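# Residue-level structure breakdown
For reference, the chains in residue letters:
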Amino acid sequence: MALPAAALLPTALPGPLPAPASSEQLEAISRDLLAAGLEPLRSAGELESLSADSFVYSPVLQPLLQGLRAQLGVRAATPEQVQQVAAACSRHGVSLTLRGAGTGNYGQCVPLAGGLVLELSGLNRLRALEPGSGVFTAEPGIVLAELDRQLQARGRELRLVPSTVRSASLGGYLAGGSSGIGSLRWGFLRDPGHLLGLELVTLEPTPRCLQLDAGAAQAINHAYGSNGIITAITMASAPALPWQQLVLEFEGWEQALAAAQQLPALALLLNALCLLEAPVAALMPWPQGCPPANGRGHRLLLLAAPDALPALQAWLPALQGQLLWQAPQGQSRGVALRELCWNHTTLHARSRDAGFTYLQLLLPQPEGPALAALRARWGDTVLWHLEGVRSQGQQRLACLPLLRWQGPELLQQLIDQARGLGCLLFNPHALTVEDGGLGAVDAQQVAAKAAYDPAGLLNPGKLRGWLERA
Ligand SMILES: Cc1cc2nc3c(=O)[nH]c(=O)nc-3n(C[C@H](O)[C@H](O)[C@H](O)COP(=O)(O)OP(=O)(O)OC[C@H]3O[C@@H](n4cnc5c(N)ncnc54)[C@H](O)[C@@H]3O)c2cc1C
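Below is a summary of the structure that appears in this document. (Residues numbered from 1 in each chain as written. Predicted model: local features only at pLDDT ≥ 70, side-chain atom pairs only at ≥ 80, totals over all residues. Heavy atoms only, no water.)

### Considering the site of the ligand
In the neighbourhood of the ligand, 37 residues make up the surrounding shell, with Leu-98, Gly-100, Thr-103, Ser-169 and Ser-178 lying closest. For the ligand, an oxygen atom lies 2.8 Å from a polar atom in the backbone of Gly-102. Contact between the ligand and Gly-104: an oxygen atom at 3.1 Å from a main-chain N or O atom of the residue. For the shell around the ligand, the element with the most residues is helix H6 (residues 170-176), which contributes five residues. A per-class count over the shell around the ligand returns 14 nonpolar, 22 polar and one charged. (Near = heavy atom within 4 Å. Polar contact = N/O pair within 3.5 Å; in protein donor to acceptor, adjacent residues only side chain to side chain. Helix = DSSP H or I, 4+ residues; strand = E, 2+ residues; numbered from the N terminus. Nonpolar A, V, L, I, M, F, W, Y, C, P; charged D, E, K, R; others polar.)

Rendered as structure tokens:
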């Protein structure tokens, strides 16, 4: 049964939160950082930019997070420096929030209780790639596009990347992201099989640097940096392929939806499938050479292996679709297709009208009736953006509908109706790990926090299971 929506949209910060650090604590920790050869960052500008992410996409989170700042910042470039920062925080009882590139949408790296922010972009090496298996170990601060470039030079590629691949870090993606390009084939980052091990620094007076195997690492996966500091990540990769970017257009929504449902079932190798309803397509900046959207055609964006093209062209006329544009990934000009999908669709819509916000749902199967009911209820006040994903071994459609913000009531009504129709909600207007996911506390995440951050200093307020423990 669906939960009441009122419980889903926060109106206050989670708590209890620790008190901000006193000036004595800040002085003491600054001295320790300096003694370790690290520079404490104190300027208002630096603290502002180290404390924010893309939470403005949520008008629910925006008023709660606006203005929250770290009291001190620091950058580390080696696991040993991370240990020194962790020791100083533990010694002086100062809370610590970890930061990759700061592209999260839910305020994942916004410090709710002041304290210190540790920025990790200096830990950016690909440490190892095992040629036979493609298993790699890389440091968390490496930017995903750079990691992918280094893997591709050796015939491999990342299985999953967010649409922020050009800016987001590996550690931030693992701890704060969930899915993206590749999810059509490879599912979600938390699915067992992607993460094979972690190097983790604990937050204790004498921090340990632990090597966790795949099983133990899973509790740290998607925990918003609340239960350990990742200093290296071991993951599976995929053989690199020269993905082709394709834009298909359909006059009818039913045909476009049928194509999105049928394509993953064909014997084609696809890495991404994104369906944009005509009004959404009209808001996007299309790659050079791709005809601009006329507001009538629904567009299906694909990343396909080169051998998919002949079959696609033979199959398209049956659904009254046409191939509008194609170009190899990495060789087109203007915006790349992977920057028109997932939350980049929301980004482009917001750059045209900052009043847009969004939701994240997994549609029930069959998708048609639920989508038809939602479209009938909301007309053109909600615009539809779908993504093909693999969930628990099944090909499914997720959706990130766009709506203009008119207050929480309409958003709640949309959530209520969608959940009543059997949609699973991944709420982007939530502050805790659990509320941004399926709502349930993961006992292993909480146990990992007790083991690796016993004083509860890491990213306070973000793990609801820790706040609610007896
Ligand atoms: C336009 C746009 C599009 C997006 N598209 C996608 C998408 O396709 N798929 C998707 O999943 N997300 C997407 N996101 C959300 C975000 O980009 C991803 O979650 C991203 O991977 C975060 O990486 P980051 O380096 O910016 O992490 P940050 O925002 O810096 O951090 C994210 C979380 O990870 C924690 N963290 C960072 N480093 C460490 C570490 N070393 N150890 C432990 N914890 C750590 C932080 O404390 C924080 O809780 C999108 C966001 C935007 C704004």
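### Digging into unusual backbone geometry
Cis rather than trans, the peptide bond between Gly-15 and Pro-16 has omega equal to 0 degrees. Along the polypeptide, Pro-16 turns up in the segment before helix H1 (23-35). Put simply, Gln-365 and Pro-366 share a cis peptide bond, and its omega is -5 degrees. Relative to the elements of secondary structure, Pro-366 occurs in the loop between strand S16 (361-362) and helix H13 (367-378). Phi at His-222 takes a positive value of approximately 55 degrees, unusual for a residue other than glycine. The exposure class assigned to His-222 is buried, which follows from its relative accessible area of 13%. Backbone geometry places Gln-392, a non-glycine residue, at a positive phi of 50 degrees. You can see Gln-392 is positioned in the loop between strand S18 (385-391) and strand S19 (394-399). (Buried < 20%, exposed > 50% of the residue type's maximum accessible area, 1.4 Å probe, protein only.)

### Description of the packing of aromatic side chains
Enumeration over the complete set of coordinates arrives at one aromatic pair. Lying over the aromatic face of Trp-286, Arg-299 brings its terminal NZ or CZ to 4.5 Å of the ring centre. Above the plane of the ring of Trp-466 lies Arg-469, whose end atom (NZ or CZ) is 3.7 Å from the centre. (Phe/Tyr/Trp six-rings, centres within 6.5 Å; stacked < 30°, edge-to-face > 60°. Lys NZ or Arg CZ within 6 Å of the ring centre and 35° of its normal.)

### Concerning the packing of H1 against helix H4 (residues 79-92)
Running from amino to carboxyl end, H1 crosses H4 at an angle of 155 degrees, the nearest separation of the two axes being 10 Å. By the angle between their axes, H1 is roughly antiparallel relative to H4. Once H1 is placed against H4, the crossing between them reads as right-handed. Taken together, the residues of H4 that come into contact with H1 (itself represented by Gln-25, Ala-28, Ile-29, Asp-32 and Leu-33) are Val-85, Ala-88, Cys-89, Arg-91 and His-92. Residue composition of the contact of H1 with H4, by class: six nonpolar, two polar and two charged. (Axes fitted to C-alpha atoms, helices over the stretch in contact; angles between N-to-C directions. Parallel < 35°, antiparallel > 145°, perpendicular 65-115°, else oblique. Left-handed = near helix turned anticlockwise from the far one by under 90°. Contact = heavy atoms within 4.5 Å.)

### Section: the environment of Trp-186
Relative to the helices and strands, Trp-186 resides in helix H7 (residues 183-186). Once the C-alpha coordinates of Trp-186 and Ser-391 are considered, the two residues, 205 residues apart in sequence, prove to be 8.7 Å apart.

### Side note on the nonpolar core
By size, the foremost hydrophobic cluster in this structure holds 78 residues, and its most contacted members are Phe-136, Leu-147, Leu-170, Leu-198 and Trp-286. In this structure, Ala-259, Leu-270, Leu-363 and Leu-374 belong to the second largest nonpolar core, which totals 45 residues. (Core = buried A, V, L, I, M, F, W, Y, C linked by side-chain atoms within 4.5 Å.)

### What about the pairing of strand S3 (residues 116-119)?
Residues Leu-116 and Leu-118 of S3 are buried on one face, and the alternating residues Val-117 and Glu-119, pointing to the opposite face, are buried as well. Across four bridges, the pairing between strand S1 (residues 72-75) and S3 is parallel. When the sheet's bridge partners are listed, Gly-73 is paired in S3 with Val-117. Where strand S2 (residues 96-99) and S3 come together, four bridges link them in parallel fashion. The residue bridging Leu-96 from the neighbouring strand is Leu-116, located in S3. (Pairing = 2+ DSSP bridges.)

### A closer look at the pattern of salt bridges
Applying the stated rule across the entire model yields 16 salt bridges. For Arg-75, the salt bridge goes to Glu-119, with nearest N and O atoms at 3.6 Å. Placement of Arg-75 in strand S1 and of Glu-119 in strand S3 is noted, with a sequence separation of 44 residues between them. On the basis of relative accessible area, Arg-75 is assigned to the partly exposed category, the value being 42%. By relative accessible area, which is 11% here, Glu-119 ends up buried. For Asp-442, the salt bridge goes to Arg-190, with nearest N and O atoms at 3.4 Å. (Salt bridge = Lys/Arg side-chain N within 4 Å of Asp/Glu carboxyl O.)

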